[in-house]
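Residues per chain, in single letters:
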Amino acid sequence: MNRTQAVNLLRQCSASLSSRCVRREPLSAIGGAVRVRSRRYATQEGQPEASASTNKSEGNAKAAEGAGEKAESSQAVESEVERKLKAKEAEVLDLTSRLRYLQADFLNLQRNAAREKEQTKDYAITRFAGDLLETVDVLSLALKSVPESALKSPVPSEAPAQPSSSSSSASPEFFTPSTPAKSAQEYLKELHHGVEMTHRLLLQTLFKYNVKPFDPTGDVFDPNRHEALYQAPVPGKTPGTVIDCQKSGFTIKDRTLRAAQVGVAAETS
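Here the structure is a predicted model, which is why all the values come from computation and not from measurement.

(A) A look at the side chain of His 192. Positionally, His 192 belongs in helix H6 (residues 184-208). If we ignore the near neighbours within four places in the chain, the residues touching His 192 are Leu 143, Val 146 and Leu 151.

Printed below as a string of structure tokens:
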């Protein structure tokens, strides 16, 4: 047997064996194979759908996460804006209250400055007026030193002196008629009148600057306006009443420039 014959025989044997195996396969095996193949095909067809649904769910989850993050970020921004707004409102209230306090302080400062200016204007002559009061007292004492009886009682006037004949004959061109001589009472009246006018004019000048005298005789003793020099029991007088004024008091507007020196009634024993 040559080589060619051996090869042909081997081919015939393999073909017979393959045909026998095909004939002997049961139907159940063929059906199982078919089912396995159909399952594999179904699995292969369902894989894209499953992957698509998975991708869709993942996209929804990512979208939900993004929406949640956006909501959280928006809430954070709103809370931050509210916090800043509240801080600005508190700052505005603080600045408004400070502005009101400053405005009130400025108005008080203006009022105080105006009052001080007015007081400075009104009481600028306090020391000068206080020094003039001594002159007023001296003039008042001078007026009181002359009694009214001396001013009213008549005093015979002296006869005027006649010029001598020798003097008239000696120098007639230089002769001047002598004025009638005044009496002492007339000179006293003129002096008293001049002092009285000076006293009155000085009081009027002080009155222009709101410096006014006051006599508290008959008033109740006030230590802020009166200076008690003595106390004396006087029948019919209420204790603490001013019975005598030695020196008049003076006020400058609503202040006491000098207290009046007075005598006060005491309790009778």
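(B) Seen up close, the environment of Val 211. Position of Val 211 relative to the elements: it lies in strand E1 (residues 211-214). When neighbours within four sequence positions are excluded, Val 211 is seen to be in contact with Ile 125, Ala 129, Leu 206, Phe 250, Thr 251, Ile 252 and Leu 257.

(C) Quick peek at the sheet that holds strand E4 (residues 249-252). Reading across from one edge, E1-E4-E5 is the order of the three strands in this open sheet, with antiparallel pairing throughout. Edge strands, defined here as strands with exactly one partner in the open sheet, are E1 and strand E5 (255-258). Taking each pair of neighbouring strands and ignoring which way they run, the sheet shows an average axis angle of 40 degrees. With three bridges joining them, E4 and E5 adopt antiparallel strand pairing. Considered in E5, the bridge of Ile 252 is made with Arg 255. Where helix H3 (residues 126-144) meets the sheet, its contacts fall on E1, E4 and E5, and the angle it forms with E5 comes to roughly 45 degrees.

(D) Seen up close, the layout of surface pockets. Looking at the largest pocket, its volume works out to about 230 Å³. If you go around the largest pocket, you meet 15 residues; those closest to its centre are Asp 137, Ser 140, Lys 144, Lys 247 and Ser 248. Contributions of two or more residues to the lining of the largest pocket are made by H3, H6 and strand E3 (242-247). Top contributing element to the lining of the largest pocket by residue count: H3, with five residues. When grouped by side-chain class, the residues that make up the lining of the largest pocket number six nonpolar, four polar and five charged.

Quick notes on the rules
- Residues numbered from 1 in each chain as written.
- Predicted model: local features only at pLDDT ≥ 70, side-chain atom pairs only at ≥ 80, totals over all residues.
- Heavy atoms only, no water.
- Helix = DSSP H or I, 4+ residues; strand = E, 2+ residues; numbered from the N terminus.
- Contact = heavy atoms within 4.5 Å.
- Pairing = 2+ DSSP bridges.
- Axes fitted to C-alpha atoms, helices over the stretch in contact; angles between N-to-C directions.
- 1 Å grid on protein atoms, 1.4 Å probe; cavity = no way out; pocket = protein on both sides within 12 Å on 5 of 7 lines; lining within 4 Å.
- Points joined across faces, edges and corners; volume = space filled by probe spheres on them.
- Nonpolar A, V, L, I, M, F, W, Y, C, P; charged D, E, K, R; others polar.

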